[in-house]
Amino acid sequence: MNIPNQRPRIVRAFVPLVLALGVGLAVALGGCGRKQHWDMSDVHMVLADLHLFHMISADTGKPVRAADFRGKVVVLYFGYTHCPDVCPLTMSHLATAIDDLGPQGKDVRILFVSVDPARDTLPILKAYTHAFSAQAIGLRGTMAQVVDATKLYHVAFSYGKKDKYGNYVVNHSASIYVFDRQGRSMLIGSDLTRPAAIAHDLRQLLQG
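Residues numbered from 1 in each chain as written. Predicted model: local features only at pLDDT ≥ 70, side-chain atom pairs only at ≥ 80, totals over all residues. Heavy atoms only, no water.

Student: Outline helix 4 (residues 143-152), listing residues and values.
Tutor: Those residues of helix 4 not exposed but buried are Val146, Ala149 and Thr150. Looking straight down helix 4, one finds that the buried residues subtend no more than 95 degrees of arc, so they occupy a single side. Projecting away from the buried face of helix 4 at angles above 90 degrees are the exposed residues Ala144 and Lys151. Looking at the buried residues of helix 4, the elements they touch are strand 5 (73-79), strand 6 (108-114) and strand 8 (157-159). Phi for His154, located one or two positions after helix 4, is positive at around 60 degrees. (Buried < 20%, exposed > 50% of the residue type's maximum accessible area, 1.4 Å probe, protein only. Helix = DSSP H or I, 4+ residues; strand = E, 2+ residues; numbered from the N terminus. Arc of directions from axis to C-beta. Contact = heavy atoms within 4.5 Å.)

Student: Please provide a residue-by-residue account of the sheet that holds strand 10 (residues 175-179), values included.
Tutor: Read across the sheet, 7 strands follow the order 3-11-10-5-6-7-4 without closing on themselves; strand pairing throughout is mixed. Two strands lie at the open edges of the sheet, namely strand 3 (41-42) and strand 4 (56-57), each paired on one side alone. As paired elements, strand 5 and strand 6 share 7 bridges and run parallel to each other. When the bridges of strand 6 are listed, Tyr77 appears paired with Phe112. Contacts from helix 3 (residues 122-132) reach strand 4, strand 6 and strand 7 (136-140), with the element oriented near 155 degrees to strand 7. (Pairing = 2+ DSSP bridges. Axes fitted to C-alpha atoms, helices over the stretch in contact; angles between N-to-C directions.)

Student: Provide a residue-level description of the pattern of salt bridges, including the pertinent values.
Tutor: Under the criterion given, the structure shown has 5 salt bridges. As a salt-bridge pair, Asp107 and Lys72 come within 3.2 Å of each other at their nearest N and O atoms. Linking Asp107 in the loop between helix 2 (86-100) and strand 6 with Lys72 in the loop between strand 4 and strand 5, this pair joins segments that are 35 residues apart in sequence. For Asp107, a relative accessible area of 14% gives the class buried. You can call Lys72 partly exposed: its relative accessible area is 22%. Its salt-bridge partner being Asp107, residue Lys106 comes within 3.5 Å of it at the nearest N-O pair. (Salt bridge = Lys/Arg side-chain N within 4 Å of Asp/Glu carboxyl O.)

Student: Go over the packing of helix 2 against helix 5 (residues 195-207), please, and point to the residues and values.
Tutor: One way to put it is that helix 2 packs onto helix 5 with a least axis distance of 8 Å and a crossing angle of 50 degrees. The orientation of helix 2 relative to helix 5 falls into the category oblique. Crossing geometry of helix 2 relative to helix 5 is assigned as right-handed. Contact residues: His93, Leu94, Thr96, Ala97 and Asp100 in helix 2; Pro195, Ile198, Ala199 and Arg203 in helix 5. The class makeup of the residues in the contact of helix 2 with helix 5 is 5 nonpolar, 2 polar and 2 charged. (Parallel < 35°, antiparallel > 145°, perpendicular 65-115°, else oblique. Left-handed = near helix turned anticlockwise from the far one by under 90°. Nonpolar A, V, L, I, M, F, W, Y, C, P; charged D, E, K, R; others polar.)

Encoded structure:
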């Protein structure tokens, strides 16, 4: 595939309400009174629960719903396969984190939603996501579905101008969204979140 030479501008979206509420602080666990520490930011009070708008799975070619992943901890990420840097970096971090979980990693799913459906066909998405992790699934939707999903999760994206070869970059938010086994929104991180921090938080959700 042709990889654009131009480096995309990364938009790191922050939810103002998250900052206003001071999320990211430890929350109390029931029973023993112990404090649960998150390395990523806690957004369970302000971010929408998992919703996939019946996008198509690159693995099965069929529509998927949030209910299909009930019982799994889900990491949702918006990107595109021609992305030269931030997407492969983030996917690599997620894959490393899942590997660090050992056998528990089988209960995590990475959902990679393409913000470039014109170029990201289902076969391309499948090859791309599986190159990072067997637990990663590419999702493709219509542009209307993509826009609806990005609005729901406060994801910004825009297209750059095409070069003489028809290549272009997509500027997009670099956030990762984490949902518990019931599909409830829990945490937000970014491309700067280290694999050890991701694994730490995923482990707690898996054990919760």
